[in-house]
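Per-entry structural report
Spelled out, the chains give:
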Amino acid sequence: MIPFLDLGRINAPHQVRIRAAVERVLSSGWYVLGPEVKAFETAFARYVGVDHCIGVANGLEALTLVLKAWSFPAGSEVIVPSNAYIASVLAITQAGLTPVLVEPDQRTYTLDPTRLAAALTPSTKAILPVHLYGRVTAMEPLMAFATQHGLLVLEDAAQAHGATYLNRQAGAWGHAAGFSFYPTKNLGALGDAGAITTNDADLAAQLRMWRNYGSAQKYYNNVPGHNSRLDELQAAILAEKLPFLTEENERRRQIARRYVAELALPSLILPPADAIDQDVWHLFVVRHPDRDAFLEHLRQHGVGTDVHYPVSPHRQVAYAHQWPADAFPIADQLHREVVSLPLNPTLTAEEVSRVIEVVNGFR
Ligand SMILES: *Cc1c(COP(=O)(O)O)cnc(C)c1O
């Protein structure tokens, strides 16, 4: 049996370092927003290649707080891909703004820059590209469009820690970016954690208030903020794991290269491989027109899978009636066909071979 993802195995190589970090925090007597958070923020900002990093409670909060701090008029529109994970859309609605869904590029599954112009209205204020599955959106045309129309850009980099596009990292392209360190992400905590990256010093100062009840000075509140603080334990653990992220992403790429070279089932659509060395392969997502039968075959042969994601955001019950059900056929087709195969840094060569053998043996 090859599990889709075994988080114990993912963290096993870091056990000694994690225990030391926990001991350090325990004996420090300081547990929320302290020196460990500050040290991780500095290290992560340097890693991404930006001036500021603000640790927050999770990835959804990272995105929501940036949109709130930008203070757009209520009802302003934010462009977001129609095949996004629900968090990207939730961030927009939780900030009191209106999501405008735009169909993705059918090859890369990220926002299609050629579709932006048709989505633009006088109320458009921002674009929220999602670097889905570990691939950075085509940011050069997107930033050019944003500049031309005076829009701000918030990257959803929750699946793209360390991914690059034109030699610049995810999180260093937009006016701000949101990261998640949920345990399954390429850089994962042992609980919930998130961060915002930006080169905008004023925005960074605002966000440090927004994450902590809107307060810069204790008991004085300048904005109606959230409790979205990062705790010392998660920050200390993340700081221990960060130095290994580059190596772990490289191991993911090695596995992706094997999958791309050796998966040979004619009915299978493989992920785009043109940026194989720039992507960080958070997920290796293939498509099959007869997904149910394909999933059943993998299950019967002991290969764990997952589906990211089975339902388009516009069809979620939470957003019922906001969009016509058939408004986003590309997103719907992707959500009907996608299957995530096991891919993580601890997968052995034998396990990769077995996944390939089972996939190629379908029908
Ligand atoms: C995980 C994820 C988020 C949300 O992160 P949380 O920490 O779970 O709130 C947002 N966007 C994408 C694309 C994600 O994968």
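Only a predicted model underlies this, so the values are computations on that prediction, with no experimental measurement involved.

Regarding the domain arrangement of the protein
What the domain assignment lists for the protein is domain 1 (7–103 + 110–243) and domain 2 (244–360). Spacing between the C-alpha centres of domain 1 and domain 2 amounts to 24 Å. Contacts between domain 1 and domain 2 engage 35 residues on the former and 38 residues on the latter. Where domain 1 abuts domain 2, roughly 3,100 Å² becomes buried across the two surfaces, and 56% of that area is made up of carbon and sulfur atoms. In this assembly, domain 1 and domain 2 are joined by three salt bridges. At the boundary of domain 1 and domain 2, one finds 20 residue pairs in polar contact (both at pLDDT 80 or more). Going through the elements one at a time, α1 (7–11), α5 (86–94), β3 (98–102) and α9 (232–241) are the ones with two or more residues in the side of domain 1 that touches domain 2. For the side of domain 1 that touches domain 2, the element with the highest residue contribution is α5, accounting for four residues.

Overview of the sheet that holds strand β8 (residues 176–180)
Spatial strand order, β1-β9-β8-β5-β4-β2-β3: seven strands in an open sheet with mixed pairing. Pairing within the sheet leaves two strands with one partner each, and these edge strands are β1 (52–56) and β3. Geometrically, the sheet is characterised by an average inter-axis angle of 25 degrees between neighbouring strands, direction not taken into account. Taken together, the four bridges between β8 and strand β9 (residues 194–198) define a ladder with antiparallel strand orientation.

Topic: the side chain of E61
Counting through the fold element by element, E61 comes out in helix α4 (residues 59–69). Although E61 lies buried, it forms no salt bridge, and the closest oppositely charged side chain, K68, sits 7.4 Å away as judged by the N-O distance. At 3.0 Å, the side chain of E61 forms a polar contact with the side chain of S228.

Here we look at helix α2 (residues 15–28)
Taking 1.5 Å of rise per residue, the 14 residues of α2 would be expected to cover 20 Å, and the 20 Å separating its terminal C-alpha atoms lies within 8% of that figure. Every buried residue of α2 is accounted for by I18, A21 and V25. Projected down its long axis, α2 shows its buried positions confined to an angular sector of 60 degrees, all on one face. Exposed residues lying more than 90 degrees from the buried face of α2 are V16, R19, E23, L26 and S27. Looking at the buried side of α2, the elements it contacts are α1, α3 (35–48) and α9. A positive backbone phi angle near 75 degrees is found at G29, which sits one or two residues after α2.

Considering the environment of V303
Among the structural elements, V303 can be located in the loop between α11 (291–300) and α12 (329–337). Classification of V303 by relative accessible area gives buried; the value is 2%. Counting along the chain gives 95 residues from V303 to R208, while the straight-line C-alpha distance between them is 44 Å.

Describing empty space enclosed by the protein
Across all of its chains, the model carries two cavities of 30 Å³ or more by this definition. By volume, the largest cavity is sized at about 80 Å³. Lining the largest cavity are T108, Y109, L132, Y133, G134, R135, P271, P272, D279, W281, L283 and V285. Classifying every residue of the lining of the largest cavity by side-chain character gives eight nonpolar, two polar and two charged. Here the lining of the largest cavity spans two domains, since at least three of its residues come from each of domain 1 (7–103 + 110–243) and domain 2 (244–360). Its volume calculated, the second largest cavity comes out at about 50 Å³. The wall of the second largest cavity is formed by N83, Y109, Y133, H308, Y309, L334, H335 and V338. The class makeup of the residues in the lining of the second largest cavity is five nonpolar, three polar and no charged.

Analysis parameters
Residues numbered from 1 in each chain as written. Predicted model: local features only at pLDDT ≥ 70, side-chain atom pairs only at ≥ 80, totals over all residues. Heavy atoms only, no water. Domains from an automatic or database assignment. Contact = heavy atoms within 4.5 Å. Buried area = accessible area lost by both parts, 1.4 Å probe. Salt bridge = Lys/Arg side-chain N within 4 Å of Asp/Glu carboxyl O. Polar contact = N/O pair within 3.5 Å; in protein donor to acceptor, adjacent residues only side chain to side chain. Helix = DSSP H or I, 4+ residues; strand = E, 2+ residues; numbered from the N terminus. Pairing = 2+ DSSP bridges. Axes fitted to C-alpha atoms, helices over the stretch in contact; angles between N-to-C directions. Buried < 20%, exposed > 50% of the residue type's maximum accessible area, 1.4 Å probe, protein only. Lys, Arg positive; Asp, Glu negative; His and termini not counted. Expected span 1.5 Å × (residues − 1). Arc of directions from axis to C-beta. 1 Å grid on protein atoms, 1.4 Å probe; cavity = no way out; pocket = protein on both sides within 12 Å on 5 of 7 lines; lining within 4 Å. Points joined across faces, edges and corners; volume = space filled by probe spheres on them. Nonpolar A, V, L, I, M, F, W, Y, C, P; charged D, E, K, R; others polar.

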